[in-house]
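Chains, contacts and geometry: an overview
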Amino acid sequence: MSSPHPDPARPAGTGSGRRILALHLPLLAVDRQILIAQASGDADAARHWRHGPAACHAPGPRGPMITIPNPAARAAGVRTGMTLAEARARTAGDILLAPADPRGDRRALAWLADLADRFSPAVGLDGDQGLLLDITGVAHLFRGEAGLIARAGALIRGRGFRLTAAIAPTPLAASALARAQAYTHAHAQAHPPADATVVVAHDRAGPDETRAALARLVGPLPPEMISLDRERLRRVAEGLARLGIRRVDALDALPRSSVAERFGPGLLDLLDWLYDRASDPLHPRRPSAPVEVRISWVEPIGRAEDIAAATAALVDDLVADLGAAGLGARRLALSVHLVDGRLQRAELGLALASREPRHMMRLLAERLDRIDPGLGIEVMVLAAPVVQPLADLDRSLPGLGQAPLSAGTGGAAVAALIDRIDARLGNGRVRAVRIEAGVMPETAIRLIPAAIAPQRAARIDNGPHQVTAPRPARLLARPEPALVVAALPDDPPARLRWRGRLHRVHLADGPERLTGPWWESPGAPAEARDYYRVETEDGLRLWVFRSRGSAGLVLDGGGAADDVAAADDWFVHGIFA
């Protein structure tokens, strides 16, 4: 049904050419119960969840209520929202019940989304029961859309989950068509068939042909299929039913001003997304990498030489894309998708931005030996999740990746060495010192992975954190308490006991006063320390400090210690070379 007089306010189609694959798992919670029963060795429970009446339940206003019945329970008259007593009455007590586990369902869906990464660079969640994949331009890697759907369906069904699928130009249209199939099969008390798939036109169809096919497929849908907000759409559908509107095309034929006035402008947005008249964004589950390349095989590979050759081809493609964008990679991520559904990942950091293929390949080669191909690899993805601009003059950073440290390549050779050590021993094993704008010594420097350290060291030349006195070569992880004897409260130490030994001070220099940030101790004086450099009679050179405002251990006029004023307010913080 279409309007004989098109509404001039209705926007024209976008003709975006996008292809979105929706995978809907209508029985996700039930299928999880089957898998849980199988994992626990309870074959009878697994058989009952598959063939007998069973359902999940959750608390409701009238007590526990059914959230999702399996097909056998639905055939017996059990419906969502029914109380457990009603469900038992409908099945003569022969119904298997289990508490709903939304968190576990979401974890399972996230796991399936990770598996689906092999088919698309952008995978999003479609509510709590589905996935959305942007397959624009990638279907040819799987022998067309039919091959991609077959492989995606086999992957998910092989994990024990039933699904319906649809391909459309917009996420909402694909989702609605996939959910509509599940809705139809559920009301027919039937399982979705293995080929339960709807495809709007084909990926080489023109914009006009695609829009016409889309209108034919979504037009007969009931209005409640066009949104995941079931409660809101239920109220809208009830209002439309009172007007005699039970199809989307009949709703779309109404004057837009009347629809907006009665049901709000949000419903018009849904119709425009459904008919591809406005941009409908797909929100990926994780941000897409700035640069990403992938390779796929119909026949899986498993030999070490084939894996190395595929990695080299991916590196060449990634370098070409980085060069076209004027970028260099600071991090590489290799994802290997296996036939049995497993996913293996390797991530590497680069100390300097680079797009030198030899250097990248040498780093990745350190990780290829750790890949277990199992039954074979069907997809490999190489991404650069972290990039930064790299000028043409800096391209390949001459010598990076093949020159030894003594070849005069300076920072580039050092960066290459850091990258190779990290690749061999693990990310973050090589650390760099980062200077912070901190006053207290323990906050002034921080150890960070060298691969993510700035390429140029920051200089701190002024401000309250400026260093005005020598610093020890070794700073202790935390200040260690010491018992100190001083001639006067403000004098440097005369003797100190540290780590169980008594040391007599031969020379001392100080104090150097350091005051902590006032905002870290609101309502109280900021921490203050008086630091001294001391040398003991046995040649030990220490950096000690005393907290401001403490009496310490004071000598009386005859040189005897007055231990009434003693306190653990002296600390050793460092050791000079």
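Residues numbered from 1 in each chain as written. Predicted model: local features only at pLDDT ≥ 70, side-chain atom pairs only at ≥ 80, totals over all residues. Heavy atoms only, no water.

Some points on the nonpolar core
Among the nonpolar cores identified, the biggest contains 34 residues, and Leu221, Leu267 and Leu274 are the most heavily contacted of them. Among the elements of the structure, β1 (20-24), β7 (164-168), α7 (171-187), α8 (207-218), α9 (230-242), α10 (248-252), α11 (256-263) and α12 (265-274) are those that each provide at least two residues to this core. Ranked by the residues each element gives to this core, the list is headed by α7, at seven residues. Leave out the neighbours within four places in its chain, and Leu221 touches Ala176, Leu177, Ala180, Arg246, Arg247 and Val248. (Core = buried A, V, L, I, M, F, W, Y, C linked by side-chain atoms within 4.5 Å. Buried < 20%, exposed > 50% of the residue type's maximum accessible area, 1.4 Å probe, protein only. Helix = DSSP H or I, 4+ residues; strand = E, 2+ residues; numbered from the N terminus. Contact = heavy atoms within 4.5 Å.)

Describing the packing of helix α1 (residues 28-39) against helix α5 (residues 102-116)
Between α1 and α5, the shortest axis-to-axis distance is 10 Å and the interhelical angle comes to 90 degrees. Relative to α5, α1 is oriented roughly perpendicular. Between α1 and α5, the residues in contact are Leu28, Ala29 and Arg32 and Gly104, Asp105 and Ala108, respectively. Among the residues making up the contact of α1 with α5, the classes are represented as three nonpolar, one polar and two charged. (Axes fitted to C-alpha atoms, helices over the stretch in contact; angles between N-to-C directions. Parallel < 35°, antiparallel > 145°, perpendicular 65-115°, else oblique. Nonpolar A, V, L, I, M, F, W, Y, C, P; charged D, E, K, R; others polar.)

Things to note about the pattern of salt bridges
Oppositely charged side chains may form a pair once their charged atoms are brought near each other. Under the defined criterion, the tally for this structure stands at 26 salt bridges. With its nearest N and O atoms 2.8 Å apart, the salt bridge here joins Glu378 to Arg151. A residue pair is termed long-range when its members are at least 10 positions apart, and Glu378 in strand β12 (residues 377-389) and Arg151 in helix α6 (residues 144-158) qualify at 227 residues. Here the two residues Glu378 and Arg151 agree in accessibility, since each one is buried. The shortest N-O distance in the salt bridge between Arg546 and Asp569 comes to 4.0 Å. (Salt bridge = Lys/Arg side-chain N within 4 Å of Asp/Glu carboxyl O.)

Describing α5
Given a rise of 1.5 Å per residue, 15 residues ought to cover 21 Å, and the 21 Å separating the end C-alpha atoms of α5 matches this to within 8%. Every buried residue of α5 is accounted for by Gly104, Asp105, Ala108, Leu109, Ala110, Leu112, Ala113, Asp114, Leu115 and Ala116. Taken together, the buried residues of α5 touch α1, β5 (123-125), β6 (130-134), α6, β10 (327-338) and β11 (343-354). (Expected span 1.5 Å × (residues − 1).)

A look at the side chain of Glu145
Looking at the element boundaries, Glu145 is found in helix α6. Engagement of the side chain of Glu145 in a polar contact is seen with the side chain of Arg19, the distance being 2.8 Å. For Glu145, the contacting residues outside a window of four places in its chain are Arg19, Ile135, Ala139, Ile167, Val199, His202 and Asp203. (Polar contact = N/O pair within 3.5 Å; in protein donor to acceptor, adjacent residues only side chain to side chain.)

Things to note about the confidence of the model for the protein chain
Per-chain confidence: the protein chain averages 81 in pLDDT, with 78% of residues scoring 70 or above. In the predicted structure, residues 549-568 sits below a pLDDT of 50 and forms 30 contacts with residues beyond four places in sequence or in another chain. (pLDDT = per-residue confidence, 0-100.)

Quick look at the pairing of β10
Summarising burial for β10: 12 of the 12 residues are buried, a large majority. By the bridge criterion, eight bridges tie β10 to β11 in an arrangement that is antiparallel. Looking across to β11, one finds that Ala329 is bridged to Ser354. Two successive antiparallel strands, β10 and β11, enclose a turn made up of four residues, where Gly341 displays a positive phi of approximately 95 degrees. (Pairing = 2+ DSSP bridges.)

Here we look at the packing of aromatic side chains
Going through the model one piece at a time under the given rule, you end up with five aromatic pairs. Look at Tyr532 and Trp570: their rings are 5.8 Å apart centre to centre, the planes differ by 35 degrees, and that puts the pair in the tilted class. Separated by 38 residues along the polypeptide, Tyr532 in strand β18 (residues 528-536) and Trp570 in strand β22 (residues 570-575) bring together distant segments of the chain. A relative accessible area of 3% places Tyr532 in the buried class. Residue Trp570 is classed as buried on the basis of its relative accessible area, which comes to 2%. In this structure, Arg529 is placed above the aromatic ring of Phe545, and the distance from its NZ or CZ to the ring centre is 4.6 Å. (Phe/Tyr/Trp six-rings, centres within 6.5 Å; stacked < 30°, edge-to-face > 60°. Lys NZ or Arg CZ within 6 Å of the ring centre and 35° of its normal.)

Regarding the packing of helix α13 (residues 304-325) against helix α14 (residues 357-368)
Relative placement of two packed helices is described by the angle separating their axes and the distance separating the axes. For the pair α13 and α14, interaxial distance at closest approach is 10 Å and the crossing angle is 145 degrees. Crossing of α13 over α14 shows right-handed handedness. Taken together, the residues of α14 that come into contact with α13 (itself represented by Ile307, Ala308, Thr311, Ala312, Val315, Asp316, Leu318, Val319 and Leu322) are Pro357, Met360, Met361, Leu364 and Leu368. When grouped by side-chain class, the residues that make up the contact of α13 with α14 number 12 nonpolar, one polar and one charged. (Left-handed = near helix turned anticlockwise from the far one by under 90°.)

Considering the environment of Gly144
Counting through the fold element by element, Gly144 comes out in helix α6. A relative accessible area of 22% places Gly144 in the partly exposed class.

Quick notes on the environment of Arg262
Following the sequence through the fold, Arg262 ends up in helix α11. The sequence separation of Arg262 and Val236 amounts to 26 residues, and the corresponding C-alpha distance is 9.6 Å.

Here's the deal with the sheet that holds β5
If you trace the five strands from one edge of the open sheet to the other, you get β5-β6-β1-β7-β8, paired in mixed fashion. Where the open sheet ends on each side, the last strands, each with one partner, are β5 and β8 (197-199). With strand direction ignored, the average angle separating the axes of adjacent strands in the sheet is 15 degrees.

Let's talk about the sheet that holds strand β2 (residues 54-58)
Strand order in the open sheet made by the three strands is β3-β2-β4, with mixed pairing throughout. Looking at strand neighbours, the two that pair on one side only are β3 (65-69) and β4 (96-99), the edges of this open sheet. On average, each strand axis in the sheet is tilted by 40 degrees relative to the strand beside it, whichever way the strands run. Strand direction decides the pairing type here: β2 and β3, joined by four bridges, are antiparallel. Paired with His57 across the two strands is Ile66, which belongs to β3. Its contacts with the sheet put α1 on β2, β3 and β4, and the angle it makes with β3 is roughly 80 degrees. Sitting on the sheet, helix α2 (residues 43-51) touches β2 and β4, and the angle it makes with β4 is about 100 degrees.

Examining the environment of Leu475
Note that Leu475 resides in strand β15 (residues 474-486). Assessed through its relative accessible area of 30%, Leu475 is described here as partly exposed. Separated by 99 residues in sequence, Leu475 and Gly574 place their C-alpha atoms 4.3 Å apart. In contact with Leu475, not counting residues within four places along its chain, are Pro441, Glu442, Trp543, His573 and Gly574.

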